[in-house]
Amino acid sequence: MNTLKTVEIKAFVPAKDFKLSQQFYQDIGFEKRSEGGGVAYFCFEHCSFLLQDFYVQPYADNFMMHLLVEDAAAWHAHIQKSGITEKYGSKISVLTDQPWRMRDFVFNDPSGVLWRIGQNI
């Protein structure tokens, strides 16, 4: 009998300032569903991750999250309107059609984690 069924995979995202990072993710539209023991569970629809009250700069500087969406342009506009550039000093790239057939953009969170949001084209 095969019992290797999977349910979900989630990344543990590092946070230099746990409270600040929680607010950042709420500001861009993620819902905080729970928090305890230095871990906060964030969701947007069926996509989720765990924010951890743990930070090592070399790890955070080399950490990237990728969110595949249906409309990257709508997400780009949403992230720009969220105010993260002004409030957190985040940098948001332009929307770009990549040679690997992905339209995407990137931005950074307060801990330096890079997010890439894209759609297949």
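What this report covers is the structure whose coordinates are included nearby. All figures in this text were calculated on a predicted structure; none of them were measured in a lab. (Residues numbered from 1 in each chain as written. Predicted model: local features only at pLDDT ≥ 70, side-chain atom pairs only at ≥ 80, totals over all residues. Heavy atoms only, no water.)

Brief notes about the packing of aromatic side chains
What the rule picks out here adds up to 15 aromatic pairs. The interplanar angle of 40° and the centroid separation of 6.4 Å between the aromatic rings of Phe 24 and Phe 107 together place this pair among those described as tilted. One end of the pair, Phe 24, is in helix α1 (residues 18–27); the other, Phe 107, is in strand β7 (residues 102–108), with 83 residues separating them in the sequence. Take Phe 107: its relative accessible area is 1%, and that puts it in the buried class. An aromatic cluster of at least three residues, connected via ring pairs, comprises Phe 24, Tyr 25, Phe 30, Phe 42, Phe 44, Phe 49, Trp 75, Tyr 88, Phe 105, Phe 107 and Trp 115. (Phe/Tyr/Trp six-rings, centres within 6.5 Å; stacked < 30°, edge-to-face > 60°. Helix = DSSP H or I, 4+ residues; strand = E, 2+ residues; numbered from the N terminus. Buried < 20%, exposed > 50% of the residue type's maximum accessible area, 1.4 Å probe, protein only.)

Some words on helix α3 (residues 72–81)
Within the sequence span of α3, burial applies to Ala 72, Trp 75, His 76 and Ile 79. For α3, the buried positions fall inside an angular range of 105° around the axis, keeping them on one side. Among the structural elements, β3 (39–44), β5 (64–68), α4 (84–88), β7 and β8 (114–120) are those in contact with the buried residues of α3. Of the residues flanking the start of α3, the one acting as N-cap is Asp 71, its side-chain oxygen 3.2 Å from the backbone nitrogen of Ala 73. (Arc of directions from axis to C-beta. Contact = heavy atoms within 4.5 Å. Polar contact = N/O pair within 3.5 Å; in protein donor to acceptor, adjacent residues only side chain to side chain.)

Focus: unusual backbone geometry
Excluding glycine, residues mostly carry a negative phi; peptide bonds, for their part, are mostly trans. You will see that Glu 45, though not glycine, has its phi angle at about 55°, which is positive. Tracing the backbone shows Glu 45 in the loop between β3 and β4 (47–52). Residue classification places Glu 45 among the exposed positions, given a relative accessible area of 64%.

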